Amino acid sequence: MKKFITLLLMTAIVLSTLVGCSTNEKEKSTISSDKGDKIKVVVSFNPLREFAMAVGKDKIQVVTMVPEGVEPHDFEPKVKDLLELTEAKVFVYNGLGMENWVDKSLSSIDNKNLNVVDASKGSNLIKNTSEDVIKEHGQYDPHIWLSLQEAKVEAKNIKDALVKVDEKNKDYYEKNYEEFSKSLDSLYTEYKSKLGSLQNKSFVTGHAAFAYLCRDFGLNQQSVEGVFAEGEPTAAKLKELVEYAKNNNVKTIFVEELASPKVSETLANEVNAKVQKIYTIESKEDSKTYMDAMRENLDNIYNSLK
Ligand SMILES: [Zn+2]
């Protein structure tokens, strides 16, 4: 009997050790699949985060350099942002004068495994018209993410980079990209016909961020601030906008949270128009996804013109 009890005890000890062991293994593997396996992607500002997430979903972990509520046209990276870059596999930026700090930042860090993605590569660009703007910011209008067509180019450039660094999940990234691309096309088709049916084509906004959206849908924008959100307009410019709004029967003045809403409000009062929020998506606002913000923009533009 004594022998049997000893045996029983020994078995119990062995069993509990085995169980303990397997629990530990399980914990370890859960931790690694939650964090360690994800591809670290750093993006410069919000729309690129949206596109990266649409393609990479739960296979990637995204860090956005420009914080929420900060205007990316004015941003300069801090030391902690550069540290994020040293640990990343992929870095995505928009280009076209949105991030003048990129070259300097990349040359100051040591990360040979970093894949750098110029997301605007291959897109169909609109030239800046003002000589001063060209001198300071370069030839092209950078706001390509506000075109549903050019958004596909940015998402594809990001997809190609993810496939390159994580070949084994190629099908996953391709499938997500196709789905995202289809939803962009379907929103485009819907508003192409809605906006195409209208006589009025001109709207007034705070920051001239919507040239690509206008090109997609045959619309015209006039704005309080320029392409690079340079600040408050001159009295002459304001007078010109008042004339424009009156001549074009403008009933709505759009405002962006990060441009100068006060000037837009003054203008709206002057021409008896209402003020309506519009999203540049340069920063995450009202927790809206890219698709939600674009749909709301198009719907608000449509309602203001019909
Ligand atoms: Zn802008």
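That block above? That's the structure.
Below: a short report on this structure. The model shown is predicted, which means the values in this text are computed figures rather than measured ones.

Rules and cut-offs
Residues numbered from 1 in each chain as written. Predicted model: local features only at pLDDT ≥ 70, side-chain atom pairs only at ≥ 80, totals over all residues. Heavy atoms only, no water. Helix = DSSP H or I, 4+ residues; strand = E, 2+ residues; numbered from the N terminus. Buried < 20%, exposed > 50% of the residue type's maximum accessible area, 1.4 Å probe, protein only. Contact = heavy atoms within 4.5 Å. Phe/Tyr/Trp six-rings, centres within 6.5 Å; stacked < 30°, edge-to-face > 60°. Lys NZ or Arg CZ within 6 Å of the ring centre and 35° of its normal. Salt bridge = Lys/Arg side-chain N within 4 Å of Asp/Glu carboxyl O. Donors = N, O, S within 2.8 Å, 3.2 Å for Na, K, Ca; no water. Tetrahedral: all angles 85-135°; square planar, octahedral: opposite > 155°, others 65-115°. Pairing = 2+ DSSP bridges. Right-handed = clockwise from strand over helix to strand, strands pointing away. Patch = residues over 30% accessible without salt bridge, like charges linked within 9 Å, V, L, I, M, F, W, Y side chains within 5 Å. Areas by Shrake-Rupley, 256 points an atom, 1.4 Å probe, with all protein chains shown as cover. Lys, Arg positive; Asp, Glu negative; His and termini not counted. Charge placed at Lys NZ, Arg CZ, Asp CG, Glu CD.

### Quick look at the environment of A209
Phase 1 of the analysis: Mapped onto the secondary structure, A209 falls in the loop between β5 (202-207) and α8 (211-217).
Phase 2 of the analysis: Overall, A209 belongs to the buried group, its relative accessible area being 0%.
Phase 3 of the analysis: Sequence-wise, A209 and I281 are 72 residues apart; in three dimensions their C-alpha atoms are separated by 9.9 Å.
Phase 4 of the analysis: Leaving out residues up to four positions away in the same chain, A209 has contacts with H143, L146, Q221, T280 and E282.

### Overview of the packing of aromatic side chains
Phase 1 of the analysis: If you walk through the whole model with that rule in mind, you get eleven aromatic pairs.
Phase 2 of the analysis: Here the aromatic rings of F75 and W101 are separated by 5.6 Å at their centres, their planes lie at 75 degrees, and the arrangement is edge-to-face. In this pair, F75 sits in the loop between β2 (60-64) and α3 (79-86) while W101 sits in the loop between β3 (90-93) and α4 (102-108), placing the two residues 26 residues apart along the sequence.
Phase 3 of the analysis: Judged by its relative accessible area of 7%, F75 falls in the buried class.
Phase 4 of the analysis: Here F91 and Y93 contribute two aromatic rings whose centre-to-centre distance is 5.9 Å and whose plane-to-plane angle is 15 degrees, an arrangement assigned as stacked.
Phase 5 of the analysis: Taking relative accessible area as the criterion, F91 reaches 1% and is therefore assigned buried.
Phase 6 of the analysis: The ring centre of Y177 lies 5.3 Å from the NZ or CZ of K159, which sits over that ring.

### Here's the deal with helix α2 (residues 46-56)
Phase 1 of the analysis: Counted residue by residue, α2 has nine buried out of eleven residues, so it is predominantly covered.
Phase 2 of the analysis: Within α2 the residues assigned to the buried category are N46, P47, L48, E50, F51, A52, A54, V55 and G56.
Phase 3 of the analysis: Backbone geometry just downstream of α2 places K57 in the positive-phi region, at approximately 40 degrees.

### Some words on the pattern of salt bridges
Phase 1 of the analysis: Counted under the stated rule, the structure contains 19 salt bridges.
Phase 2 of the analysis: Linking D185 and K152 is a salt bridge whose minimum nitrogen-to-oxygen distance equals 2.6 Å. Pair noted here: D185 is in helix α7 (residues 170-196) and K152 is in helix α6 (residues 148-165), with a separation of 33 residues, a long-range link.
Phase 3 of the analysis: Between E257 and K277 there is a salt bridge, with its nearest N and O atoms 3.1 Å apart. Placement of the pair is E257 in the loop between β7 (252-255) and α10 (261-271) and K277 in strand β8 (residues 274-277), with a sequence separation of 20 residues.

### Focus on the coordination of the zinc ion
Phase 1 of the analysis: The zinc ion binds to the protein through H73 (NE2), H143 (NE2), H207 (NE2) and E282 (OE), with metal-donor distances spanning 1.9 to 2.1 Å.
Phase 2 of the analysis: Around the zinc ion sit four donor atoms; with metal-centred angles ranging over 99 to 118 degrees, the donor geometry is tetrahedral.
Phase 3 of the analysis: The motif formed by the donor residues of the zinc ion, counted along the single chain, is H-x69-H-x63-H-x74-E. On the criterion of sequence distance, the pair formed by H73 in the loop between β2 and α3 and H207 in strand β5 is long-range, its members being 134 residues apart. Taken individually, H73 and H207 each receive the classification buried, so the pair is uniform in this respect.

### So, the pairing of strand β6 (residues 220-225)
Phase 1 of the analysis: Pairing geometry for β5 and β6, over five bridges, is parallel. Among the inter-strand pairings, V204 is bridged to a residue of β6, identified as Q222.
Phase 2 of the analysis: In this fold, the crossover linking β5 to β6 by way of α8 has right-handed handedness.

### Focus: a negative patch on the surface
Phase 1 of the analysis: A contiguous patch of negative charge, built from E131, D132, E136 and E230, is present on the exposed surface.
Phase 2 of the analysis: Within the secondary structure, E230 is located in the loop between β6 and α9 (235-247).

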